[in-house]
Every structure is written in structure tokens, then in C-alpha cells.
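Each chain, written out:
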Amino acid sequence: MTASQPDMTTTAGKLADLAQRLKNAAQPVGAEAVDKRHEAGQLTARERAEQLLDADSFVETDALARHRISDFDLEHNKPLTDGVVTGYGTIGGRRVCVYSQDNTVFSGQLGEVYGEKICKIYELATKTGQPIVAIHEGTGPRLAEGIVTLSMYSKILAHMTKASGVVPQISVVTGQTTGLHAFTPAFSDIVIMVDGEASLHHASQEAIAHATGTRLDAQALGSAEIHATESGTCHLRAESDAAALETARTVIGFLPVNNMAEALRTEAEIQVGSVQDNVTDTDYQLDELIPDDAHAAYDVRDVLNIVTDDGIFELQHEYAPNIVTAFAHIEGRAVGIVANQSAHQSGALSSQAAEKAARFIRTCDAFNTPIIEFVDAADFVHSDAEERSGLLRRGAKLAYAYAEATVPKITVILRKAFGSAYVFMGSKDLGADLVYAWPTAQIAVAEAEETARGIFGTDATEDKAAEMEEKFIHPYAAAERGYVDAVIPPNETRGHLVEALRMLGRKVVMTQQKKHGNIAL
């Protein structure tokens, strides 16, 4: 028996053997690969999982797994973990499941055992009702294992589909992620990418070069910037691995553990007394935020940051910036916010904005998070490009998602709510539980000039437009008909939202039995 070989006939020897195996699993291809990662300023797959979770809470599963292939001399190259670290732990004391892909093992390619490990952690997350955070860095199937790799991808996507709407799924993309690997983040509820390191694209650089004659690097094909600004796949960008993992922790902090749990609540000052008793100096700033010029822009985030506890946590802020989607807290209760941003395209809805808002609304509804909409839009964007891009089909998703949602839904009309924008942005008859309007609200079929032209034709004059302004362009006709529940001073907005959320916490909706609806995908 040598010093390096424990005596396997003794308990002490067997314990020493286990310790050595686990040590090898922590560095499946050796210390040199770990050193290279650190020299490049990157964390290892295991370090990423551990840093994501609360200190010392990570419990690894399948650390000793190896592939079963003997072809191509692979029986002599069987690193532990098989290229993915899986397990569970806690974030902020709440349990989550995690898997972290390791591109130092077979260049991050997926094999049968690798796929089995991911499927097992998905099964654990789904049946125990725990969120799952996936850390991505992989380059497609392990060709040496053949078609079984495709079977594993199919199984993973099936598991992600079953988990969708049951537990939150967060993807953190830390490195180059290509081929079939690149589709899995798109199945997640939230995607976070690391600037300069992460990339998501299906076709490999070689395939693009062969097909087009042009060779592009990974960043040009699918960088965090491209997916944050152009495709909309990326919800949040981060400057480093560590920042991306901290962002994932923040996102998890806004969502319940599963679809059966209530919206999260944090410690907050509780409103006592009437709405008017709780108006603060900060609330009074709302009275001056809407410009007197009906065509002047302002930043709706100024409104949102005042009416929420600690401001908003915005998602996809670089994509379709004419709509704001964000998480926030009001009296400690997590809420989802959708708001027209007049600082971009006057807050008009576009096909991209409608899809962005629809996806966010469905995420909130899946996880019992109340939805609050802040409205200031004259209509959908008017352009031939929008019409050709599928405005009708893509815009329909927004109305469908909102009408289908059963969580508490509150609307605050700040200024313009004309025509289609009124209908699609949380109108009473589309399903809003409570609708509030500021005195600055303009709720009508169309703006005054357009209304005058529609009624009087060539006889429309400035005086006629002024007459239409006085007759239609205000919140009171809607209030008289019950389309608005109350016209409120802006400074009372937060107080009314607090009271509305308290009351709607008891909301119960019985939905019609059906297999599923057919949203206009």
C-alpha cells in the first residue's frame, strides 16, 4: 500500500478515498485549468454556483458522475462531474436549485450524463417547488456521444417547459454559449448576460463563415449588447461574473419560490390612517411632474421612483425603451410595473414594446405578482415599418396577456390614453380591477384635432378642436361611466396603491376550464 493509495480494507481508507474523489471533482481537469480561469478574470463553474448562493449553503449533487463512452479512446478521459456542476442551496435564506456549466470539460459540450444531471436537478426543483438558476457556458452537443445528446437536449427543453410557470427560471450567461445550448436561456423567465464575455448564438462561427464567407467573432454574433438592445433576449447586463450572480440574487428576491406562493413581502413602513394623512413632501412632487405642454416629454421613472418604496428594478431597459417594465415594492409587497415612457417615441406602443410588456405581464401573473400600469400613450406607433413587422399580431399579445392575467391589476392614467393605447394599457373592461386617473389624464377615442377632423371634416377649425378638447379630452367622461374608479390628486397615488393592494390581496378569480388559450405567438 503506497502513501498515495489508501487502504481500502479499512474505514479510514475508504473515507480518505472519498475525500480524494471529491477533491478531484472540484478540479475535474486539474489545477492548471482553474488557474487559467482565474488568470482570465473568470470564476470556475463551481465557484459561480457557490458565489450565487448564501455562504456555505451549496449542496452538490452528482459530483462523482462520469460519462459512459468507450469510443474514440474516451474511456481514458472520464473527468468527474462530466462538465456541469449541479446542486442546491439558499439565496437570502430561501432554497433554490442551481446548475453551472463547465467549459473546461470537453469544451463545454453536452453529453448523456451531463444532460441527465440537468434533468435531475429540474425534476428536484419542480417537485419541491424551488426556483432554478442556470449558469450557462457551453458549445453544443458532444459529437463523440452521437444522437443521445440530441435526446438529452429534447429532455431538458421538455423539463423547462413543464417547469415554466411553476417555478421561476433564471439564466445567467457567463461565456460563449452556442448551438443547442443557446436555446435553453431563451426558455427562462429572466436572462442575465456578462458584457464582453457572454454570447448567445445558434450557428457556430465556422458555420456562419462557411455559409456567408464572412467570419464573425462570438461577440458580433450574439453579445450581451446585441441581445439587450436588438433581440430583446437579454433582460439585464452585468460587467462581470460576480455582478451577474449578484443580479440573479436580486431578481430571485422579487419572486416567490413557486406559483403556489404569495408575492414576496419585505420589511417596510406600514401606512396607518387615511390616504391623505400619509401624503409626504416627496409625494407632492408628483403634482408638478406632468408638463403643461401636452406634447412635452418627461421621464416616467420619476413617477415610479416616488410611488414605490425604494425605486424600481428595471428589466430590458435598453430594448423597446418606449415601455418600462420593472419590479418594485409598495408597502413591502413585490409588484410588477408596466409604464409608457414619454421620453421615447412619446410613449407610443410599438410591436416590440407590446411583446416586451406582454412577456413581463405573463411572468408576473405566473408568480402571483400584482401588476400596476401607468398610462401615457396616444396610440400605437404609426408607420409602414411597424405594420409590416406584424404590429397587429404582436400587439395582440399585450391585450391577451393582460386580459388573461388573474393577479391584482391596477391602472393609473397619468396623461394620454387615446384609442388603442387606452384599450391595451390596462383598461377597465380589459380586466383592470381598479383604475385611477390624474386630473391631467386625457381619455378619449382620439386627440382633439383628430376628433375634430373626424366629425367636421373640412370644416374642422382650431375652434372646433378647442371645443373637442373641452368636451372629450379629460378624465371625467370616463369617470362618469365608471371606466375610471376615481380621479385622484397625483400626490395621493402611493396611498391609493397601498390601499388597493391591501384590498386586492383577497382577489379570487375562477377561470373557465380549458386546455390553454392560443395567444397570437
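Residues numbered from 1 in each chain as written. Predicted model: local features only at pLDDT ≥ 70, side-chain atom pairs only at ≥ 80, totals over all residues. Heavy atoms only, no water.

Observations regarding a nonpolar patch on the surface
(1) Moving on: A surface patch of nonpolar side chains, amounting to about 240 Å² of accessible area, comprises Leu18, Leu22 and Leu64.
(2) Moving on: Structurally, the position occupied by Leu18 is in helix α1 (residues 11–26). (Patch = residues over 30% accessible without salt bridge, like charges linked within 9 Å, V, L, I, M, F, W, Y side chains within 5 Å. Areas by Shrake-Rupley, 256 points an atom, 1.4 Å probe, with all protein chains shown as cover. Salt bridge = Lys/Arg side-chain N within 4 Å of Asp/Glu carboxyl O. Helix = DSSP H or I, 4+ residues; strand = E, 2+ residues; numbered from the N terminus.)

Some details on the pattern of salt bridges
(1) Moving on: The tally for this structure, following the rule as stated, stands at 29 salt bridges.
(2) Moving on: With its nearest N and O atoms 2.5 Å apart, the salt bridge here joins Glu60 to Arg46. One end of the pair, Glu60, is in strand β1 (residues 59–61); the other, Arg46, is in helix α3 (residues 45–52), with 14 residues separating them in the sequence.
(3) Moving on: By relative accessible area, Arg46 is classed as buried at 11%.
(4) Moving on: With a closest N to O distance of 3.2 Å, Glu206 and Arg215 form a salt bridge.
(5) Moving on: Residue Glu206 is classed as partly exposed on the basis of its relative accessible area, which comes to 46%.
(6) Moving on: A network of salt bridges, in which partner residues are shared, links Arg37, Arg48, Glu137 and Asp241. (Buried < 20%, exposed > 50% of the residue type's maximum accessible area, 1.4 Å probe, protein only.)

A few points about the nonpolar core
(1) Moving on: Within the largest apolar cluster, 74 residues are counted, with the highest numbers of intra-cluster contacts made by Ile170, Ile413 and Ile443.
(2) Moving on: Here this core takes seven residues from helix α13 (residues 351–366), the largest share from any one element.
(3) Moving on: Leu286, Val307, Ile410 and Val412 belong to the second largest nonpolar core, which has 29 residues in total. (Core = buried A, V, L, I, M, F, W, Y, C linked by side-chain atoms within 4.5 Å.)

A look at a negative patch on the surface
(1) Moving on: A contiguous patch of negative charge on the surface is contributed by Glu449, Glu462, Asp463, Glu467, Glu469 and Glu470.
(2) Moving on: Ranked by the residues each element gives to the negative patch, the list is headed by helix α18 (residues 462–472), at five residues.
(3) Moving on: On the secondary structure map, Glu462 appears in helix α18. (Lys, Arg positive; Asp, Glu negative; His and termini not counted. Charge placed at Lys NZ, Arg CZ, Asp CG, Glu CD.)

Focus: the environment of Ala296
(1) Moving on: Along the chain, Ala296 falls in the loop between α11 (281–284) and α12 (300–307).
(2) Moving on: Taking the C-alpha atoms as reference points, Ala296 and Glu32, separated by 264 residues in sequence, lie 60 Å from one another.
(3) Moving on: Those residues within four positions of Ala296 in sequence are excluded, and the remaining contacts are Pro291 and Arg415. (Contact = heavy atoms within 4.5 Å.)

Scope: geometric values only; no functional claims are made or implied.
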